[in-house]
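So you can see what is in the structure, the chains are spelled out below.
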Amino acid sequence: MPFFERRQILAGSLALPLAGLTTTPVSATPRPDFESRLRPAVHTGAERWTLAERMARGGVPGAAIAILRGGRVDSAAGYGVRIAGQAAPVGPDTLFSVGSVSKIATAALCLKLVALGHLDPDQNVDRRLMRWRVPAGPAGDRADISLRMLLSHTAGFNVHGFQDIAPADPMPTLAQTLGGASPAMNKPLARIDAAGTRSRYSGGGYMIVQAVIEDALGAPFGAVASRHLFAPLGMERSRFDAAPAADTPDIAHAHDGDGKAVALPRGWQSFPELAASGLWTSANDLTRLVLALGASYRASGGYLPQELAVDMMTAVSPGPFGLGPRLAGEGAAHIFHHAGANDSYKAYIEGNLASGDGLVIVTNGANGDVLGDEIRNAVSDALAWPGDWSVRTGPIATNSLTASFVGSYKRRADQNRALAGLLDTTFSAESLEIVQSAEGLQLTAKGKSRALVAVTSNRFVVPDAYIPAGTLQLSFDRSADRSVPGLTVLGGGGVLIFDRV
C-alpha cells in the first residue's frame, strides 16, 4: 500500500445532533483543491507544494483534515497511515492525541457546567477545591482566582505545559501534578503574577479547572466530559484518557521528526494531564466541537447559551484569549483557534465566527505543526479566506540605512501589557542583537540566530518564528536625523519596544 494512501468522506455522511448544524453541502461546487497549494506563511508567491510532498519531507506519516464552510462540514479526509510502513490508512474517524486543543474541549465543558448551574465562572475556585488550595501570589497576593482567569490564562500561574510520559513510566495523580510531587515532572503550581494582570499561558491552570470540575461534581473528569460534552455533541470516538489501551482500534501511533515510530511497544505516550492535553479525538469529532461553538455564538438554541458563547469568544485583557480559545481578526475575519502540540502529535482547529468556515487538522508526526501551518495556508488560499496573516515578500530596495540597524537593543521596562499582548510573556528575550551577514541581517536572541527578510526598507519578518495567527516582525524606528533609537517587535496583535543600547 502506498505511503500516501488516503480515505475520505464528503459532506452528507456526518450526523450532527444540534439544531442548526447540518452536513448538507454549502453548494454544488467541488471540494476545494488545497492539496497542491501548500506554502509557508512567509513566501514569495512561487512556493506551491503538494500535501504528499510535505508529509514525506516532514516525516509525518498520517493526517486527517476537515474543512468547514458556512457552518457545515464541507469535507473530511484522512491522508497517509496510522503506523509508518504498515497498511493502516488514516481516516476522518481515526483517533489522535491533540495536545492543547484539549483546552478548548475543557473550556466548552466548563462553560456547559456554568450554563447548567454547576459552576460560577467568577467565584473563587478555592471555595470548590477539596484536594488542593490555591497558593498566595507574589508579595502575599491573596486575590481570588476564578475560572474566568484560569480559562483565559490571566490567573498568573506557572507551568506552561507538561512532558509526555513513556508507556512504561508511572503517571502522576491530579494531586501530584498540582503539587509537583513525583512522579509528576512539572514544578509545583505557583502564582508568579498578580491575578488578572498578565497574559501567561498556563497548562497548569487548566489542571486547576479539572480539579474544580471533579470536586464540584464528585465524578472523574472523563466521565463528566462524556456526559456533558461528548454525548450531546455526538463526539462518539472522543475521550479524555491518560493512556488508551493497546488494543484501541483505529488509533494513530506516535512518530518522531524522522517519521520513525516511538513510544514502543504500545505506540503512543501517556498524557495524564487530561484537561490540559489529554484529549484523544478524531477530525470528525473536532468538527462537531468547532461547529457547535460557532453556532452557539451566532444564534440561540445551541450547545451553549448565546450570551455565554459570546463571553467565551471575547478576549480577556491583557491577552488574546477568550474563555479558552485564542482570538484573532475582526469583522469577516474574526476567528477562534487553538493549536495542540505533544511530542509526536500536532493539531489545529479554527472557526470563523462570522461565516461559519473553519478547519481541523490532526497529525501523528513531530513536524506536524509546520505541516499544519502549510495546510492552513493552502485552505485559506483555495477558499479566499479574509484576513490572511501570511506575508508575501518581494524585491525591496535598500540603502545605507540598513547598516544603521546593526547593534544591540534592550527591552524597555514597564511596557503596557495590554499592548504587548501575548508577546509580554511568550517573547522572553530581554536583549536583541542585530548583525550583518553575507546573506543579510540576522537577529540573535538568547543565543539563537535567525535570518531576517525585508518586507519594507525598515521592516523585517522572521520566517521561521512561530506566532499564533501571524508572523513575527521587527520594525526599526528611523528618526528625522537618520538615527535608529530602537525597534518594535510585532506579532499576534502585540507590540514590544526595544531601545538601542
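Refer to the preceding data block for the structure.
In this text, all values refer to a predicted model and were calculated from it rather than measured experimentally.

Definitions and limits used
- Every chain's residues receive numbers from 1 upward, in the order its sequence appears when written.
- A pLDDT threshold of at least 70 governs which residues receive local features in this predicted model, and a stricter bar of 80 or more applies before side-chain atom pairs are shown or counted, although totals over entire chains, interfaces and linings include all residues.
- Heavy atoms throughout the structure, all of them, feed into the side-chain values; hydrogens and water do not.
- Take the buried residues of types Ala, Val, Leu, Ile, Met, Phe, Trp, Tyr and Cys, join any two whose side-chain atoms come within 4.5 Å, and each joined set is a nonpolar core.
- Type-normalised accessible area, obtained with a 1.4 Å probe on protein chains alone, sets the label of each residue: buried when under 20%, exposed when over 50%, and partly exposed for intermediate values.
- Strands are runs of DSSP state E lasting at least two residues, helices are runs of H or I lasting at least four, and both sets are numbered from the N terminus onward.
- Only heavy atoms matter for contacts: two residues are in contact if any of them lie within 4.5 Å across the pair.
- For the purposes of these results, a polar contact is taken to be a pair of N or O atoms within 3.5 Å, where, inside protein, one atom must be able to donate a hydrogen and its partner to accept one; residues adjacent in sequence count only when each atom of the pair is a side-chain atom.
- Charge counting treats Lys and Arg as positive and Asp and Glu as negative, with His and both chain ends excluded.
- Whenever a carboxyl oxygen of Asp or Glu lies within 4 Å of a side-chain nitrogen of Lys or Arg, that contact is scored as a salt bridge.
- Working rule for helices: expected span equals 1.5 Å times residues minus one.
- Inter-axis angles, ranging from 0 to 180 degrees, are taken between N-to-C directions of lines fitted to C-alpha atoms, where helices are fitted over the stretch in contact.
- Angles are sorted into four bins: roughly parallel if under 35 degrees, roughly antiparallel if over 145, roughly perpendicular if 65 to 115, and oblique for all others.
- Strands were regarded as paired on the criterion that DSSP finds at least two bridges between them.
- Working definition: a ring pair exists when centres of Phe, Tyr or Trp rings (six-membered ring for Trp) sit within 6.5 Å. Plane angles under 30 degrees give stacked, over 60 give edge-to-face, the rest tilted.
- Both a distance and an angle decide whether a charge sits over a ring: NZ of Lys or CZ of Arg must be within 6 Å of the ring centre and within 35 degrees of the ring normal.

S.K.: For this particular structure, what's the right way to read the nonpolar core?
M.R.: Ile-208 and Leu-289 are the most contacted members of the largest nonpolar core, which totals 85 residues. For this core, the element with the highest residue contribution is helix H2 (residues 102–115), accounting for nine residues. Here Ile-208 is in contact with Val-125, Leu-129, Trp-132, Leu-150, Phe-157, Leu-178 and Leu-189, once residues within four sequence places are set aside. Counting residues in each nonpolar core, the second largest holds 27 residues, with Tyr-409, Phe-460, Val-484 and Leu-487 among its members.

S.K.: Looking at this structure, I do not really get the side chain of Ser-202. What am I missing?
M.R.: You can see Ser-202 is positioned in the loop between helix H4 (174–179) and helix H5 (203–217). Within the structure, Ser-202 has its side chain in polar contact with the backbone oxygen of Val-159 (distance 3.5 Å). The contact partners of Ser-202, leaving out residues within four places of it in the chain, are His-153, Phe-157, Asn-158, Val-159 and His-160.

S.K.: How do you make sense of the side chain of Glu-47 when you look at a structure like this?
M.R.: Examined against the element boundaries, Glu-47 turns out to sit in the loop between strand E2 (42–43) and helix H1 (51–58). Here Glu-47 occupies a buried position and makes no salt bridge, while the nearest side chain of opposite charge, Arg-48, is found at 5.9 Å. Within polar-contact distance, the side chain of Glu-47 engages the backbone nitrogen of Thr-44 at 2.9 Å. Only 3.3 Å separates the side chain of Glu-47 from the backbone nitrogen of Gly-45, close enough to count as a polar contact. Residues in contact with Glu-47, not counting those within four places in the same chain, are Leu-38, Arg-39 and Pro-40.

S.K.: Looking at this structure, how should I read H5?
M.R.: For the α-helix, the turn length of 3.6 residues means that residues three or four positions removed from each other point alike. The terminal C-alpha atoms of H5, which comprises 15 residues, lie 22 Å apart, in line with the 21 Å expected from a rise of 1.5 Å per residue. With 13 of 15 residues buried, H5 lies mostly within the body of the structure. Of the residues that open H5, the one with a side-chain oxygen 3.4 Å from the backbone nitrogen of Gly-204 is Ser-202. Just downstream of H5, Gly-218 is the residue with a positive phi angle, here 65°.

S.K.: I would appreciate a short explanation of the packing of H5 against helix H6 (residues 221–233) in the present structure.
M.R.: Each pair of packed helices can be summarised by the angle the axes make with each other and by the distance between the axes. At a closest axis distance of 9 Å, the pairing of H5 and H6 adopts a crossing angle of 80°. Relative to H6, H5 is oriented roughly perpendicular. Contacts between H5 and H6 involve Gln-210, Ile-213, Glu-214 and Leu-217 on the former and, on the latter, Phe-221, Val-224 and His-228.

S.K.: I keep staring at the environment of Tyr-466 and nothing clicks. Help me out?
M.R.: With respect to the element layout, Tyr-466 can be found in strand E18 (residues 459–467). Once residues lying within four places of it in the same chain are set aside, the contact partners of Tyr-466 are Ala-339 and Asp-373.

S.K.: Teacher, can you tell me more about the pairing of strand E13 (residues 407–411) here?
M.R.: Put simply, side chains in a regular strand alternate between the two faces of the sheet. As judged from the four bridges shared by E13 and strand E14 (residues 431–437), these two strands associate in the antiparallel manner. Across the sheet, Lys-410 pairs through a bridge with Ser-431, a residue of E14. Of the strand pairs in this sheet, E13 and strand E21 (residues 494–500) are connected by three bridges, and their pairing is antiparallel. Paired with Lys-410 across the strands is Asp-499, a residue of E21.

S.K.: What is the right way to look at the sheet that holds E18 in this model?
M.R.: Sheet strands associate in pairs through backbone hydrogen bonding, adopting either a parallel or an antiparallel arrangement. Overall, antiparallel pairing links the nine strands, which are arranged E16-E15-E14-E13-E21-E20-E19-E18-E17 in an open sheet. At either margin of the open sheet sits one strand with a lone partner, and together these are strand E16 (448–451) and strand E17 (453–454).

S.K.: Sorry if this is basic, but what is going on with the packing of aromatic side chains here?
M.R.: Going through the model one piece at a time under the given rule, you end up with 13 aromatic pairs. Ring plane angle 80° and centroid distance 6.5 Å describe the contact between Phe-271 and Tyr-345, whose orientation is recorded as edge-to-face. A residue pair is termed long-range when its members are at least 10 positions apart, and Phe-271 in the loop between strand E6 (239–240) and helix H7 (274–277) and Tyr-345 in the loop between strand E9 (335–341) and strand E10 (346–352) qualify at 74 residues. As far as burial versus exposure is concerned, Phe-271 and Tyr-345 are alike and both buried. Taking 6.0 Å as the distance between ring centres and 85° as the angle between the ring planes, the aromatic pair formed by Phe-427 and Phe-498 counts as edge-to-face. With Phe-427 in the loop between helix H12 (423–426) and E14 and Phe-498 in strand E21, the pair connects residues that are 71 residues apart, well separated along the chain. The exposure classification of Phe-427 matches that of Phe-498, with both residues buried. One aromatic cluster is present, formed by Trp-268, Phe-271, Trp-280 and Tyr-345 through successive ring pairs. Against the face of Trp-49 rests Arg-54, its NZ or CZ located 3.7 Å from the ring centre. For Arg-376, the ring lying beneath its charged end belongs to Trp-389, and the centroid distance is 3.8 Å.

S.K.: Would you take a moment to explain the pattern of salt bridges for this structure?
M.R.: Proximity of charged atoms lets side chains of opposite charge pair with each other. In total, this model carries 21 salt bridges according to the counting rule given. As a salt-bridge pair, Asp-74 and Arg-69 come within 3.7 Å of each other at their nearest N and O atoms. Per residue, the accessibility class of Asp-74 equals that of Arg-69, and both read buried. A salt bridge links Arg-450 to Asp-464; the nearest nitrogen and oxygen atoms lie 3.2 Å apart. On the criterion of sequence distance, the pair formed by Arg-450 in strand E16 and Asp-464 in strand E18 is long-range, its members being 14 residues apart. Salt bridges linked by common partners bring Asp-193, Arg-198, Arg-200, Arg-411 and Asp-424 together as one network.

S.K.: Is there a simple way to think about H6 in this case?
M.R.: With 13 residues, H6 should reach 18 Å at 1.5 Å per residue; the first-to-last C-alpha distance of 17 Å fits that figure. On its buried side, H6 packs onto H2, H5, E6, H7, strand E7 (279–281) and helix H8 (283–298). Count one or two residues on from H6 and you reach Gly-234, which has phi positive near 70°.

S.K.: What should I look at first to understand the sheet that holds strand E5 (residues 96–97) in this one?
M.R.: Across the sheet, three strands lie side by side as E5-E7-E6; this open sheet has antiparallel pairing. With one partner strand each, in any of the chains shown, E5 and E6 form the two edges of the open sheet. Bridging between E5 and E7 involves two bridges; their strand directions are antiparallel. Bridge pairing in E7 links Phe-96 to Thr-281.

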